[in-house]
Amino acid sequence: MWPYPKVLAHRGAGKLAPENTLAALRCGLALGFHAVEFDVMLSKDSVPVLMHDPEFGRTVAGSGLVAGTNAADLQEMDAGSWFDVRFRGEPVPSYEQVIHFCRGHQIWMNTEIKPSPGHDEATGRIVAELSAACFADVVSGDPARLPLLSSFSMTALRAAKRAAPQIPRALLLDNPHPDWKSMLQELSAVALHVNHKHLSQEWAAEIKNAGYGLFCYTVNEPERAHELLRWGVDAFCTDYPDRIPADF
Ligand code: G3P
Ligand code: MG
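Owing to the predicted nature of the structure, the values given are computational and were not obtained by experimental measurement.

**Student:** I keep staring at the environment of Ala191 and nothing clicks. Help me out?
**Tutor:** Relative to the assigned elements, Ala191 resides in strand E7 (residues 191-195). Not counting the four nearest positions on each side in its chain, Ala191 is found in contact with Trp2, Arg169, Ala170, Leu171, Leu184, Tyr212 and Gly213.

**Student:** Sorry if this is basic, but what is going on with the coordination of the magnesium ion (ligand 2) here?
**Tutor:** Note on metal geometry: ideal angles are 109.5 degrees for four donors arranged tetrahedrally and 90 or 180 degrees for six donors arranged octahedrally. Taken together, the protein ligands of the magnesium ion (ligand 2) are Glu37 (OE), Asp39 (OD) and Glu112 (OE), with distances of 2.0 to 2.2 Å. All donors of the magnesium ion (ligand 2) come from a single chain, and their spacing in sequence reads E-x1-D-x72-E. Taken together, the positions of Glu37 in strand E2 (residues 35-42) and Glu112 in strand E4 (residues 108-113) put the pair 75 residues apart, joining distant regions of the chain. As far as burial versus exposure is concerned, Glu37 and Glu112 are alike and both buried.

**Student:** Help me understand the site of ligand 1 in this model?
**Tutor:** Residues in contact with ligand 1, as listed here, are His10, Arg11, Glu37, Asp39, His52, Glu112, Lys114, Phe152, Leu172 and Tyr217. With respect to ligand 1, the side chain of Asp39 contributes an N or O atom lying 3.1 Å from an oxygen atom. Within the complex, the protein chains bury 91% of what would otherwise be the 290 Å² of accessible surface of ligand 1. Taken together, the residues of the shell around ligand 1 break down into 3 nonpolar, 2 polar and 5 charged.

**Student:** Explanation requested: the confidence of the model for the protein in the structure shown.
**Tutor:** One rule of thumb: low pLDDT means the predicted coordinates there are not for detailed reading. Residue-level pLDDT values for the protein average 97, and 100% of them are 70 or greater. Element-level mean pLDDT values for the protein span from 96 in helix H2 (residues 71-74) up to 99 in helix H5 (residues 154-163).

**Student:** Explain the pattern of salt bridges to me, please; I cannot follow it from the model alone.
**Tutor:** When the charged atoms of two side chains lie near each other, side chains of opposite charge can form a pair. Taken as a whole and assessed by the stated rule, the structure comprises 12 salt bridges. Measuring nitrogen to oxygen at the nearest pair gives 3.7 Å for the salt bridge that ties Arg162 to Glu121. Highlighted residues: Arg162 in helix H5 and Glu121 in helix H4 (residues 120-134), separated in sequence by 41 residues. With a relative accessible area of 33%, Glu121 lands in the partly exposed category. Here Arg158 and Glu186 are joined by a salt bridge, their closest N and O atoms 2.5 Å apart. Within this pair, whereas Arg158 is found in helix H5, its partner Glu186 is found in helix H6 (residues 180-187), the two being separated by 28 residues in sequence. The exposure class of Arg158 is partly exposed, given its relative accessible area of 33%.

**Student:** Explain the packing of helix H1 (residues 22-30) against helix H3 (residues 95-104) to me, please; I cannot follow it from the model alone.
**Tutor:** To characterise two packed helices, one gives the angle between the axes of the helices and the distance between these axes. Two numbers describe how H1 lies on H3: the axes approach to 11 Å, and their chain directions differ by 15°. It follows from the interaxial angle that H1 and H3 lie roughly parallel. Of the two possible hands of crossing, H1 and H3 adopt the one that is right-handed. In contact with Leu22, Leu25, Arg26 and Leu29 of H1, H3 contributes Val98, Phe101 and Cys102. Residue composition of the contact of H1 with H3, by class: 6 nonpolar, no polar and 1 charged.

**Student:** Help me out: how do you make sense of the nonpolar core in this one?
**Tutor:** One recurring pattern in soluble globular proteins: nonpolar side chains tend to sit buried together. Among the nonpolar cores identified, the biggest contains 56 residues, and Tyr95, Leu171, Leu192 and Leu199 are the most heavily contacted of them. Other than its neighbours up to four places away in sequence, Leu199 contacts Val194, Ala204, Ile207, Leu214, Cys216, Arg224, Leu228, Trp231 and Val233. Counting residues in each nonpolar core, the second largest holds 13 residues, with Trp2, Ala191, Tyr217 and Ala235 among its members.

**Student:** Explanation requested: the UniProt feature "domain: GP-PDE" (unreviewed entry) in the protein in the structure shown.
**Tutor:** The positions UniProt marks with the feature "domain: GP-PDE" (unreviewed entry) are residues 5-248. Across residues 5-248, the secondary structure splits into 30% helix and 18% strand, with the terminal C-alpha atoms separated by 11 Å.

**Student:** Sorry if this is basic, but what is going on with the packing of aromatic side chains here?
**Tutor:** Within a pair of aromatic rings, the relevant descriptors are the distance that separates the centres and the angle that separates the planes. Taken as a whole and assessed by the stated rule, the structure comprises 11 aromatic pairs. Judged by centre distance (5.0 Å) and plane angle (85°), the ring pair of Trp2 and Tyr4 falls under edge-to-face. Pair check on accessibility: Trp2 and Tyr4 agree, each one buried. Centroid distance Phe236 to Phe248: 6.1 Å. Interplanar angle 90°. Geometry classified as edge-to-face. Taken together, the residues Phe236 in strand E9 (residues 235-238) and Phe248 in the segment after E9 connect sequence positions 12 residues apart. The burial state of Phe236 is the same as that of Phe248; both residues are buried. An aromatic cluster is built from Trp2, Tyr4, Trp108 and Phe215, whose rings are joined through pairwise contacts. The ring of Trp82 has Arg58 sitting right over it, with the charged end atom 5.9 Å from the ring centre. Note that Arg243 overlies the ring of Tyr240, its terminal NZ or CZ placed 3.9 Å from the centroid.

Cut-offs used in this document
- Residues numbered from 1 in each chain as written.
- Chains lettered and ligands numbered in written order.
- Predicted model: local features only at pLDDT ≥ 70, side-chain atom pairs only at ≥ 80, totals over all residues.
- Heavy atoms only, no water.
- Helix = DSSP H or I, 4+ residues; strand = E, 2+ residues; numbered from the N terminus.
- Contact = heavy atoms within 4.5 Å.
- Donors = N, O, S within 2.8 Å, 3.2 Å for Na, K, Ca; no water.
- Buried < 20%, exposed > 50% of the residue type's maximum accessible area, 1.4 Å probe, protein only.
- Near = heavy atom within 4 Å.
- Polar contact = N/O pair within 3.5 Å; in protein donor to acceptor, adjacent residues only side chain to side chain.
- Areas by Shrake-Rupley, 256 points an atom, 1.4 Å probe, with all protein chains shown as cover.
- Nonpolar A, V, L, I, M, F, W, Y, C, P; charged D, E, K, R; others polar.
- pLDDT = per-residue confidence, 0-100.
- Salt bridge = Lys/Arg side-chain N within 4 Å of Asp/Glu carboxyl O.
- Axes fitted to C-alpha atoms, helices over the stretch in contact; angles between N-to-C directions.
- Parallel < 35°, antiparallel > 145°, perpendicular 65-115°, else oblique.
- Left-handed = near helix turned anticlockwise from the far one by under 90°.
- Core = buried A, V, L, I, M, F, W, Y, C linked by side-chain atoms within 4.5 Å.
- UniProt positions renumbered as here; feature names shortened; annotations may be inferred.
- Phe/Tyr/Trp six-rings, centres within 6.5 Å; stacked < 30°, edge-to-face > 60°.
- Lys NZ or Arg CZ within 6 Å of the ring centre and 35° of its normal.

Encoded structure:
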């Protein structure tokens, strides 16, 4: 039901190093993490890159839109200085680079499809296609090695399912949704990913009884993590892989 690791480093290890960069992945790896969540968005020329915000200003200095900038220009931009001067010049990595890094280091991936506004269909389709192409050798092997594609966007997940049905999907929900079960069915999803702040013990039991994987974001307190695991939660991501170890 949940063949994947139990604890994931959120946005790489996005509070210990600049989120959604190779530096963050290296930081998680150094702490013994072989499981990661990160966000993927399309550049203007439709290249999937690691990015959370659709506009510059927080993790990349300046103003402008990710969807208005070509990948070559994005890769020249500084995604590290905002975090610490030690990371000055850390580039925006492409999803393909990150896949190669993760495969090279046996890191399992939860790829969050994070469309810029209005780009849901294309982002879901292209991220799924690239995932399928990079894991073509794994598809007939151990399914637990495939990335899990998740998104808050039904449109993106529908497009991912059409483009690469063999790559597993999960629906992200912030608040409980009355139609969660039919949404998962429509997507042929394997799991529901929820904000742990809005999960009740009753809802957790319902999700597990329905046969789905249950994942929580973003859990930073060990006591809360223990409680969620007691409720039947299969896995969660944390901003602090130094506080909640991989073998928690
Ligand atoms: O995938 C779980 C979590 O990352 C969703 O929220 O905003 O951190 O991408 P966010
Ligand atoms: Mg995310």
